[in-house]
Amino acid sequence: MIRKIKIMWLAIFALCVTSCKLELLDNPNAVTTSNTNVNFLLNRIQLNYASFFNSTSDIGMRLTRMLNQGSALYENAYSPSGGDGLWTNSYANILIDVQTLIPLAEASNLQMHAGIARLSRGYVLATLVDYYGDVPLSEALNSSNFNPGVDPATTVYAAAMKDIDDAILNFAATSSAVPADFFYAGNADSWTRAAKTMKLKLLFTKRLSDNTAAAAINALIAEDKLIKTGTQNFTFKYGTSLSNPDSRHPKYGGQYSPTGGGDYQANFYMWHLYAGKGFPDPRIRFYMYRQTLTNTTTTNELSCINNQKPSHYASDMVFCVPTSVGYWGRDHLSNEGIPPDGLRRTAWGLYPAGGLYDNDAGKPVAQGVGAGGGGILPIMMSSFVDFMLAESALTISTTGDPRVLLESAVRKSMTDVRNFATSTIENASITSFETNKAIVWSQEVNQYVTKVLALYDAAATTDAKLDVIAREYWLALYGNGVESYNMYRRTGKPSKMQPALEVNPGGFVRSLYYPAAVVNRNSAVLQKPNVTQPVFWDKNPATLTF
Amino acid sequence: MVCSCWLSVYAQQKKITGKITTADGGSELPGVSVIAKGTSIGTNSGSDGTYSISVPSGTTSLIYSFVGSVTQEIVIGNQSVIDVKLADDTKSLQEVVVTAQGIAREKRALGYAVANIDKKLIEDRPQADIGRTLQGKIPGVNITSTSGVSGTGTNIIIRGYSSITGSNQPLFVVDGVPFNSNTNSRGGFTGGGQSASSRFLDLDPNGIENISVLKGLAATVLYGDQGRNGVILVTTKNGTQKNRPTEVSVSQSIFTNQVHLPDYTSIYAGGFQQAPGYFFSNWGPNFNEVPAGSQLHPFTYLTNASLKAAFPELVGTVYDFRPYSDNVEKFFRKGIISNSSLNISGGGEKVSYNASVGYNNEQGYIPGNNLKKLNIGMGINAQLSKKVSLITSFNFANTDQVSPPLSAGQGNNTLGGFPSILANVMYTPLSVDLWGMPFESPVDNRSVYFRSGNDIPNPRWMLKYYSNTGKVNRLFNSTSLRAELAKDLTLLYRVGLDTYTENQEYKYNKGGVDFVNGWYSTNDISNTIWDNSLILSYNKVVSDKLSFSGKVGGNLRNDRFRSVTTTSDNQLAFGLMRHSNFISTVATNYEEEQTRMGVYGEITADFGNYLFLNAAGRNDWTSTVEKDNRKIFYPSGSVSFVPTSAFPGLESEVINFLKIRAGLGTSAGFPGPYNTRNILNQVARGFVDKSGTVSSTHSVSDVLGNPNLKPELLTEYELGLESKLLNNKIGVDFTVYRRDTRDLITATPLDPSTGYTSTTINVGKLRNEGIELGLTINPITGERFNWEMNLNYTRNVALVKELGGGLEEVQVAGFGGGLGNYAIPGKPFNIIKGTAIRRDANGNPIIGSNGYLLSDASPAILGDPNPAFTSALINTFRYRGITLTFMIDYRHGGAMYSTTAGALLGRGLTKDLDFDRAQSLIFPGVMQDGQPNTTQITASNVYFDNYYFFGDEGRMYDASTIRLREASISYSIPKKILTKMPFKGISLSFSGNNIWYKALHFEKHLNFDTDNLGLGVGNGMGFEFLTGPSSRRMGGTLKLSF
């Protein structure tokens, strides 16, 4: 018996030693670099790029009164800890994936893949500079350096420009295969135009700091390869899938639910759309959706209705409710708590979020209604190009007549918005409403354009003319806070924006604090003293009031 | 152990008879071998324990032996009747404790602290969770409930947190082999993780014979890295080596389980700014200011037209606007806990057995929360041959938990969009007729509640249509084969198998607020541990004054974890919970395997029974790091010196016993698997465009693999003193320790500029220093009346010494970058940071022009959640058969962030706020220009808009708490009376758990219990997120043995 037991011991032990091995280091649950797929990598880069645009745009929109900014003080508006997500998406998602993709794509002559990746990187780097100033580049994305220092903003901008130039070369070359991209479905011409327009945007943005910008812009104009028509618009197009994954426009997803809620629109912007010209902007029914057609009379829903306008608000400045017909959002830097108004406050409309067209229904939002969230991110529209060219023609005398460009820009904006709207399922609602109300779109647009041109002609100085152009650009930019935030710091326009509710909200945010994730984890990056530090192209005086 | 083989009987010269009983209980022991020394003559005791043997003349003594008992040799002399009491092998000498690898040793020989918990402190308690049963009973061990909801997890920390991001939970060793004690939560604290159980819940407290807790590294070194957080050694009744009398014992307990609730105002109504309204808040007017008939039914204001249309009979009707004071109280129930157990033991000459069955049926205090546990076990001790014996125990556990969803809430619906039953219940406004109004739409079963936007899920609806279930089937076996190879040389082989499947289901019907379209997730987990040990031990007695013992062993452990998570959303038919009833389904499976091998050795030397030396070491190889870092050796040493034995003159009536001990231990912590190599994330369905085309994505994982990852190193010194004073009336057991962890394996957050957001690296140093004191005082010792006091005191100071790598802080737990626990060099571990009030240089709050507080831009330090000390006092009085015990514990200090306080005070609910709310208030502080603030604001502004719902600072409290943890009275019917009955023992007891408490610095009417862990089982502490108040459990137990 003992022998049997001894043999049993030996057998069990031998079995265990051989079956339990220590080579268990490869994660059996994941993909590794050896079996990745360039198409899949590019898909993720594009999706993360869309999300990058959405989050930077959101910041810009709030600071430029296109949406409510819900802090009392500018310093608290974008606190360091709030920036971690954006930084993570930039570096740990997009930039590292681009760095991984380019050699793989080029090894297989997937030129367009490489070009799209480069263009995305160029845009991300330039926007990081626009928002933060100096950011890490040369020491970044290196797994053996946990403390990458920052590079001067001009260097990063130059690198962004180089990426865009390289992307243009990629798009010109013949690819072994075309990716299923989310922007242009592999159309090389459109990609080239997008890249060249991005180049224009960068040159234009730094025009105050670079006296060669005008010549370079003129060269681009002469080349005539900028985004010109609506079909060339550089937009990310969301789907309508509710889950697995939620592919809807994030602004729609955050608001079109059984309980509503989500963003507060900015009272100041809505006032401009509704009453700024003396008659409603033709785009207002596409931009804004009213859940009610009358203003609330209960402080339970809107606590400021019985409050006095703050004494530092000008007499003609909008306060609390911008109109009498149910548009209500928030004043600038209002940090109030949230009353039960989720199904009452003004919601995102059909453009660009893919929500409801405002046909005076006055009904609460709900999940799935309108265009189901199949909205767009208006990253670069044909109208934006003309606005930029109008501003640069006016200020740095690039080719073109600013007045002509302004008119063209406004008309293109109207067309972009309407074309998007009528391409959606809401078209029927638009048609029937316009028929009932005898609204003729072209007349509305002409009336508006006439008014704008009259304002332009009435503007006596270049600065006043710039104010007209900028205000129209701002009104066309709904959904794109990146350009409006840049414009506001570049020009200080539109002028006379709604002030903060607080008398002394601190200096305007001229660049964001570095995220907490950077300063707390990276000994080579020190936090800025305050948020009033301008970025390199912002040559406006510190005294410029916003 | 001696085997009794005997042949025929020779000359019959003397007959000896007697009865053999157990030393502790006096039960008859059948099957005991009785042998005449020096002969092969012997017999066995009969079923009643009696024996009769005829021995040849010249036989000097008889040898009594029995499996699991200490063999006794008794000189015959001229006796003819010899009654023998056989003592348990592990209990033969007083103060014998079980140490690492199941080795029973005299406590006086140990150079380190070991706590021994007798079953009397564990059994017949109202808590089915062994962790909670031990709360406060062991110095140096800090046990916290995640919530009072039945079946939720329990956090156990021994001697402080010694790893920043690694596990700090102790190793459970049951019957000598490792027992998985994970808390398999499906999401984090905002993702529904709060309802998960800790898997030591599968142990039946009534089936436990004994628990030893090895606290320091000097004690745990033989377990290698697995023992670094301390070891809880559990011996089940089925796995014990003790002798087993023939006995059947049955016990039945019934307890009630009742929630502790705040005291609500009865004066003020729901509303805001003194105006009535259907808000979250209760800042409405005094009820007597609201004219009767002035308020319409809340459904009148529903914004959702179709929902409103479903209630034509209520819309527009006059609402009975009055205090519904029992809203919250009625939401909870008095749960009944029933616990039955049956234990049968017995045996014969070569084999003894134990079988046990336990069934626990616990109703939680929330309807729909139940915990059912069935434990079946069987243990066998067998003498296979003269030299070989076998012990095996099988334990089967079936745990069935049902719970409504639990996730963190901040007093404003749930966080992170995961539903939680208690997120909104506790602050239901007084004027809301929770029990009188419908909670679902008769049309489509949608939830309906009092807010116009219908953005609060009705809690009654959630009770009916949301539930989580967790079903566990677990089999646990430990088998040891022991062979005596030669005199004093023993070989032991032990194999353990711990395997379980846990099937979790999360069933949320459509029509709610958080998962509007319905959500169903199943998570099927299986976990298996195989553990093999081979130990060779040798004892050598050199002389009366010197003896040695030594052992060498090898251990091999393999852990496999698998899970398959299937999540569906967009429910088709209401009520049906099948994946096929949902439009979209995503499944992921995950596997993890790790192996560790260790060899270890230990030498102990005993010099004259007053000086004991112990040296041990273990070398480990593990599979979770790359080859170069795989091997690690950890030594330990300890010494115990007993001056009262070394210098006999020292021993006196004042000092009966004195022992000084010192220990030095090292250990290591290995990382979890798969941290050394890079991976890419894959999403099969990354995007669906308008036309329905699905795109898949790959991206470089944000987690950087670190091929250089190595184990973290722990070093601990401990010094102790044990003494018995004043005729043994006072016993002292005192320990001081310092534990340093270096090269901490930290899931270090990285600046994303590196391309990654975290990696696992070895950085920094963490130090825990502490004091443990156990005092036993017997003020009165008498035959009839006895009073015993036990005092436990624990103080641990955890300090982050350095982080390294350019890191200024690491968030241990919490909300990314914001409120949470942090490791910051020079600060106590787990310090709480969050949004603070903006203050000027003199510390005055800065007030905005609207009279409101302003906040800081970056999170600031708000408090240290580590208690200054915890202590417990257990008093036991015995009078004849009556025993009265009560246990009071006290926690001093430690900051706590309380959402219950924030939500109830911020929303105007408790009696603490029954002041005149109509008066306006001015925040003391300065305006931005430095002038004193003069702006008047209302009470609701102060409490809601500012203090409690503004930033995080207002919700911070000092969590000092005094508590009547346990009280019981029990009565055992004296044996004299029982002799006429078929019973060996009858006892009846009444006991309660968490009977009374007071959190000293919280507002009185909150009745807040600080025994809560909002962040769930893990390394975070000091947070409470409305995941369930504690409960009071009271009841009785009847116990019979025959």
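Heads up: the structure comes first, above all this text.
In this report, the structure presented in the accompanying data block is examined. Given the structure is predicted, the values throughout are model-derived calculations rather than measurements.

Moving on, we get to the overall build of chain B. Across its full length, chain B carries nine helices and 52 strands. In terms of overall size, chain B behaves like a compact globule, its C-alpha atoms giving a radius of gyration of 32 Å where 1042 residues would be expected to give roughly 31 Å. Principal-axis analysis of the C-alpha atoms gives chain B an extent of 105 × 70 × 65 Å. Burial analysis of chain B (1042 residues in total) assigns 61% to the buried set.

The next point concerns the state of the cysteines. All names here are of chain A. The final tally for this structure, using the stated rule, is one disulfide over all chains. Two residues share a disulfide in this structure: C304 and C320, whose sulfurs sit 2.0 Å from each other. Its torsion about the S-S bond being 85°, the disulfide of C304 and C320 is classed as right-handed. Of this pair, C304 sits in the loop between β4 (288-289) and β5 (347-348) while C320 sits in the loop between β4 and β5; the two residues are 16 residues apart in sequence, bridging distant segments of the chain. With respect to burial, C304 and C320 carry one shared label: buried.

Assignment of secondary structure puts T235(A) in strand β3 (residues 234-237). T235(A) has contacts with F182(A), F183(A), I376(A), L377(A), P378(A) and M381(A), leaving out every residue within four places of it along the chain.

What follows is about the sheet that holds strand β4 (residues 50-55) of chain B. Adjacent strands of a sheet form backbone hydrogen bonds with each other and so pair up, either parallel or antiparallel. All names here are of chain B. Across the sheet, three strands lie side by side as β4-β1-β7; this open sheet has mixed pairing. Looking at strand neighbours, the two that pair on one side only are β4 and β7 (84-86), the edges of this open sheet. Each strand axis lies, on average, 35° off the axis of its neighbour in the sheet, ignoring direction. Bridge analysis of strand β1 (residues 14-22) against β4 gives six bridges, and the strand direction is antiparallel. For T17, the partnering residue across the bridge sits in β4 and is S52.

A separate point is the pairing of strand β28 (residues 582-607) of chain B. Residues and elements named next belong to chain B. As paired strands, strand β27 (residues 546-571) and β28 are joined by 25 bridges and run antiparallel to one another. Bridging from a neighbouring strand, L546 pairs with F607 of β28. As judged from the 12 bridges shared by β28 and strand β29 (residues 611-622), these two strands associate in the antiparallel manner. Within β29, the position partnered with A605 by the bridge is L613.

Attention now goes to the side chain of T469(B). Residue and element names in this part refer to chain B. On the secondary structure map, T469 appears in strand β24 (residues 466-486). The class for T469 is buried, based on a relative accessible area of 9%. With residues up to four places along the chain from it excluded, the contact list for T469 reads Q401, V402, N503, Q504, E505 and K507.

This brings us to unusual backbone geometry. Cis geometry marks the peptide bond from N244(A) to P245(A), where omega comes out at -10°. Omega for the peptide link from Y351(A) to P352(A) comes to -5°, which places this bond in the cis form. Mapped onto the secondary structure, P352(A) falls in the loop between β5 and β6 (376-380). If you check the backbone angles, A438(A) has positive phi at about 55° while not being a glycine. For A438(A), the position within the fold is in the loop between α14 (427-437) and α15 (441-458). The backbone of D124(B) sits at a positive phi, close to 60°, despite the residue not being glycine. Residue placement: D124(B) occurs in the loop between β10 (114-118) and α1 (130-133). By relative accessible area, which is 11% here, D124(B) ends up buried.

In this section: the sheet that holds strand β16 (residues 231-236) of chain B. All names here are of chain B. In spatial order, the strands read β10-β15-β16-β13-β14; together these five strands make up an open sheet with mixed pairing. Of all the strands in the sheet, the pair left with one neighbour each is β10 and β14 (177-179). This sheet shows a mean twist of 25° between the axes of neighbouring strands, independent of strand direction. Taken together, the five bridges between β10 and strand β15 (residues 208-214) define a ladder with antiparallel strand orientation. Across the sheet, residue V114 finds its bridge partner in β15, namely L214.

Taken as a whole and judged by the stated rule, the model has 88 aromatic pairs over all chains. Ring geometry for Y449(B) against F450(B): centres 4.7 Å apart, planes inclined by 75°, an arrangement best described as edge-to-face. Each member of the pair, Y449(B) together with F450(B), is buried. The interplanar angle of 20° and the centroid separation of 5.9 Å between the aromatic rings of Y520(B) and F582(B) together place this pair among those described as stacked. Highlighted residues: Y520(B) in strand β26 (residues 519-543) and F582(B) in strand β28, separated in sequence by 62 residues. Judged by its relative accessible area of 4%, Y520(B) falls in the buried class. When its relative accessible area of 5% is taken as the criterion, F582(B) is described as buried. Three or more aromatic residues joined by ring pairs form one cluster here, namely Y49(A), Y123(A), F171(A), F182(A), F183(A), Y184(A), W191(A), F234(A), F236(A), Y238(A) and F687(B). Note that R159(B) overlies the ring of Y737(B), its terminal NZ or CZ placed 4.5 Å from the centroid. Above the face of the F949(B) ring, R955(B) is positioned so that its terminal group lies 4.6 Å from the ring centre.

All names here are of chain B. A cluster of nonpolar side chains, namely V250, L342, I344, Y353, V357, I376, M378, F394, L475 and F1042, defines an oily patch on the protein surface of about 720 Å² accessible area. For the nonpolar patch, the elements supplying multiple residues, two or more each, are β20 (335-347), β21 (351-363) and β22 (370-383). The partly exposed category is assigned to V250, whose relative accessible area is 30%.

Residues and elements named next belong to chain B. Scanning the model with the defined rule gives 81 salt bridges over all chains in all. Between K1039 and D124 there is a salt bridge, and its shortest N-O distance comes to 3.3 Å. Of this pair, K1039 sits in strand β52 (residues 1031-1041) while D124 sits in the loop between β10 and α1, and the two are 915 residues apart along the sequence. A relative accessible area of 22% places K1039 in the partly exposed class. R963 is paired through a salt bridge with D1009; the nearest N and O atoms lie 2.9 Å apart.

All names here are of chain A. One can find I396 in helix α12 (residues 382-396). Given a relative accessible area of 23%, I396 falls into the partly exposed group. The spatial distance from the C-alpha of I396 to the C-alpha of Y238 is 37 Å, given a sequence separation of 158 residues. Discounting chain neighbours no more than four positions away, the residues touching I396 are R207, A214, I217 and E391.

Tallying the contact residues gives 92 residues for chain B and 90 residues for chain A. Interface area, chain B with chain A, both sides summed: about 7800 Å², of which 61% is carbon and sulfur. The interface formed by chain B and chain A includes two salt bridges. D26(A) is the partner of R677(B) in a salt bridge, and the nearest nitrogen-oxygen pair spans 3.3 Å. Counting across the chain B and chain A interface gives 28 residue pairs in polar contact (both at pLDDT 80 or more). Among the elements that line the side of chain B that touches chain A, the one with the most residues is β28(B), at 10 residues. Across the side of chain B that touches chain A, the residue classes tally to 34 nonpolar, 41 polar and 17 charged.

Cut-offs and rules
- Residues numbered from 1 in each chain as written.
- Chains lettered and ligands numbered in written order.
- Predicted model: local features only at pLDDT ≥ 70, side-chain atom pairs only at ≥ 80, totals over all residues.
- Heavy atoms only, no water.
- Helix = DSSP H or I, 4+ residues; strand = E, 2+ residues; numbered from the N terminus.
- Rg over C-alpha atoms; globule rule 2.2 N^0.38 Å.
- Buried < 20%, exposed > 50% of the residue type's maximum accessible area, 1.4 Å probe, protein only.
- Disulfide = S-S within 2.5 Å.
- Contact = heavy atoms within 4.5 Å.
- Pairing = 2+ DSSP bridges.
- Axes fitted to C-alpha atoms, helices over the stretch in contact; angles between N-to-C directions.
- Phe/Tyr/Trp six-rings, centres within 6.5 Å; stacked < 30°, edge-to-face > 60°.
- Lys NZ or Arg CZ within 6 Å of the ring centre and 35° of its normal.
- Patch = residues over 30% accessible without salt bridge, like charges linked within 9 Å, V, L, I, M, F, W, Y side chains within 5 Å.
- Areas by Shrake-Rupley, 256 points an atom, 1.4 Å probe, with all protein chains shown as cover.
- Salt bridge = Lys/Arg side-chain N within 4 Å of Asp/Glu carboxyl O.
- Buried area = accessible area lost by both parts, 1.4 Å probe.
- Polar contact = N/O pair within 3.5 Å; in protein donor to acceptor, adjacent residues only side chain to side chain.
- Nonpolar A, V, L, I, M, F, W, Y, C, P; charged D, E, K, R; others polar.

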